[in-house]
Amino acid sequence: MSAVRIDPSWKEKLHQEFEKPYFHELSTFVRNEYETKVVFPNPKNVFRAFDVCPFEQVKVVILGQDPYHGPKQAHGLSFSVEKGVRNPPSLQNIFKEQESDLGHPVNHEGDLTRWANQGVLLLNATLTVRRGEAGSHQGKGWEVFTDAAIKTLNVEREHVVFMLWGNYARKKGEFLDRTKHLVLEAAHPSPFSAHSGFFGCKHFSSANEYLAEHGSAPVMW
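Summary of the structure given here. (Residues numbered from 1 in each chain as written. Predicted model: local features only at pLDDT ≥ 70, side-chain atom pairs only at ≥ 80, totals over all residues. Heavy atoms only, no water.)

**Re the sheet that holds strand β3 (residues 120-124)**
Under the convention used in this document: At least two DSSP bridges between two strands are needed for those strands to be called paired. Helical segments are the DSSP runs of H or I of at least four residues, strand segments are the runs of E of at least two, and each set is numbered from the N terminus. Orientation is described by lines fitted to C-alpha atoms, with helices fitted over the stretch in contact, and by angles between N-to-C directions that extend from 0 to 180 degrees. Whether two residues are in contact is decided by their heavy atoms, any of which lying within 4.5 Å being enough.
Reading across the sheet, the 4 strands line up as β3-β2-β5-β6 and stay open at both edges, with parallel pairing between neighbours. Edge positions in the sheet fall to β3 and β6 (182-186), since each has one partner strand and no second. Across this sheet, the average inter-strand angle for adjacent strands is 20 degrees, counted without regard to direction. Bridge count for strand β2 (residues 60-64) against β3 is 5 bridges, and the pairing is parallel. By the bridge assignment, V60 is partnered in β3 with V120. Of the strands in this sheet, β2, β3 and β5 (161-165) touch helix α7 (residues 142-156), which is tilted by about 150 degrees from β3.

**Some remarks on the layout of surface pockets**
The condition is simple: Only protein atoms enter the 1 Å grid used here. Points where a 1.4 Å probe fits but cannot escape make up a cavity, open sets with protein on both sides within 12 Å along at least five of seven lines make up a pocket, and a residue lines them when an atom lies within 4 Å of a point. Grid points are joined across faces, edges and corners, and a volume is the space filled by probe spheres set on the points. For this scheme, ten residues count as nonpolar: Ala, Val, Leu, Ile, Met, Phe, Trp, Tyr, Cys and Pro. Four count as charged, namely Asp, Glu, Lys and Arg, and the remainder, Gly too, count as polar.
Looking at the largest pocket, its volume works out to about 510 Å³. Contributing to the lining of the largest pocket are 30 residues, with Q65, D66, P67, Y68 and H188 lying nearest its centre. Residue assignment for the lining of the largest pocket shows that the elements contributing at least two residues are β2, α5 (89-102) and α8 (167-172). Here the element with the most residues in the lining of the largest pocket is α8; it accounts for 3 residues. When grouped by side-chain class, the residues that make up the lining of the largest pocket number 13 nonpolar, 16 polar and 1 charged.

**Examining the environment of P8**
Using the following cut-off: Three exposure classes are used, based on accessible area relative to the maximum for each residue type with a 1.4 Å probe and protein chains only: buried under 20%, partly exposed in between, and exposed over 50%.
Here P8 shows up in helix α1 (residues 8-13). Taking the relative accessible area as the measure of exposure, P8 reaches 62% and is therefore exposed. Each C-alpha atom of the pair P8 and K37 lies 30 Å from the other, and the pair is 29 residues apart in sequence.

**Points about the pattern of salt bridges**
In plain terms, the rule: Salt-bridge detection follows one rule: a side-chain nitrogen of Lys or Arg within 4 Å of a carboxyl oxygen of Asp or Glu.
Evaluated as defined, the whole model comprises 9 salt bridges. E133 is paired through a salt bridge with R130; the nearest N and O atoms lie 3.3 Å apart. Judged by relative accessible area, which is 36%, E133 ranks as partly exposed. The partner of R178 in a salt bridge is E185, and the shortest N-O contact between them spans 2.8 Å. Among the charged side chains, a salt-bridge network with shared partners connects E33, K37, R130 and E133.

**Regarding the pairing of β6**
One face of the sheet, then the other: side chains in a regular strand alternate in exactly this way. Where β5 meets β6, 5 bridges bridge the pair, whose relative direction is parallel. If you follow W165 over to β6, its bridge partner there is A186.

**Side note on α7**
Here is the rule: To estimate the expected span of a helix, count its residues, drop one, and scale the result by 1.5 Å.
In this model, α7 (15 residues) spans 21 Å end to end at C-alpha, consistent with the 21 Å of a helix rising 1.5 Å per residue. Taken together, the buried positions of α7 are W142, E143, F145, T146, A148, A149, I150, T152, L153 and N154.

**A word on the environment of F47**
Structurally, the position occupied by F47 is in the loop between β1 (39-40) and α4 (48-52). As a C-alpha pair, F47 and Y210 span 163 residues in sequence and 28 Å in three-dimensional space.

**Some remarks on the packing of α5 against helix α9 (residues 203-213)**
How we decide: Orientation categories follow fixed angle ranges, with anything under 35 degrees roughly parallel, anything over 145 roughly antiparallel, 65 to 115 roughly perpendicular, and all other angles oblique.
Interhelical geometry of α5 versus α9 gives an angle of 60 degrees and a closest axis separation of 8 Å. Here α9 runs oblique to α5, going by the angle between their axes. Judged by residue contacts, I94, E97, Q98, D101 and L102 of α5 engage H203, F204 and S205 from α9.

**Regarding the packing of aromatic side chains**
Formally: The rule is short: rings of Phe, Tyr and Trp, with Trp giving its six-membered ring, pair when the centres are within 6.5 Å, and they are stacked under 30 degrees, edge-to-face over 60, tilted in between. Sitting over a ring, as applied to charges here, requires NZ of Lys or CZ of Arg to be within 6 Å of the ring centre and within 35 degrees of the ring normal.
Following the criterion strictly, the structure yields 20 aromatic pairs and no others. Taking 6.2 Å as the distance between ring centres and 65 degrees as the angle between the ring planes, the aromatic pair formed by W165 and F204 counts as edge-to-face. Of the two residues, W165 is situated in strand β5 and F204 in helix α9; the sequence distance between them amounts to 39 residues. When its relative accessible area of 0% is taken as the criterion, F204 is described as buried. Above the ring of F29, the side-chain terminus of K140 is found at 4.9 Å from the ring centroid. Positioned above the aromatic ring of F175, the side-chain terminus of K151 is 5.3 Å from the ring centre.

As structure tokens, then:
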């Protein structure tokens, strides 16, 4: 994973992680997986969340769990799919909540790069996955790496909005300093849980109100 695309700001913040034994083991595992299995996303997009959203520009963090494991879906941003790909159910529900929360129609294009370009870090806990095998790359080291990224934001930045959807994201964000960041929690937007606390959470308007209160431009969701 030496030729990955990652913004210099994140490369500087996380350079110590790249040198740790767990990351060398992770790199060996992931390299072998790409050589012997069908793995998503494309190798050039593994660190895309970090590449398109520099450290200093992060306003909002939306935590996912795994990349999508279907063909042509995952491209390195949580909940996002490549242009022209049918929106998965979770993403459809995200757009439904947006429209209800914001009170106007929103862009239903599944490629959420437009959010990332405005400072929304769309970060999965695990950055790679085998085709058709959800969770297949969990417990290999990715979670340690993404925890380090979140902890760095938590310590070195102020007034970041963290959206934690579902129990997995909530657990991953347990250490966040709620005295200097806004931490929003809700059910996962999956069809299995969206009606149990995701719909009506109003996270998008809450995030923009908080950003405005602290001198940041709101996100054009």
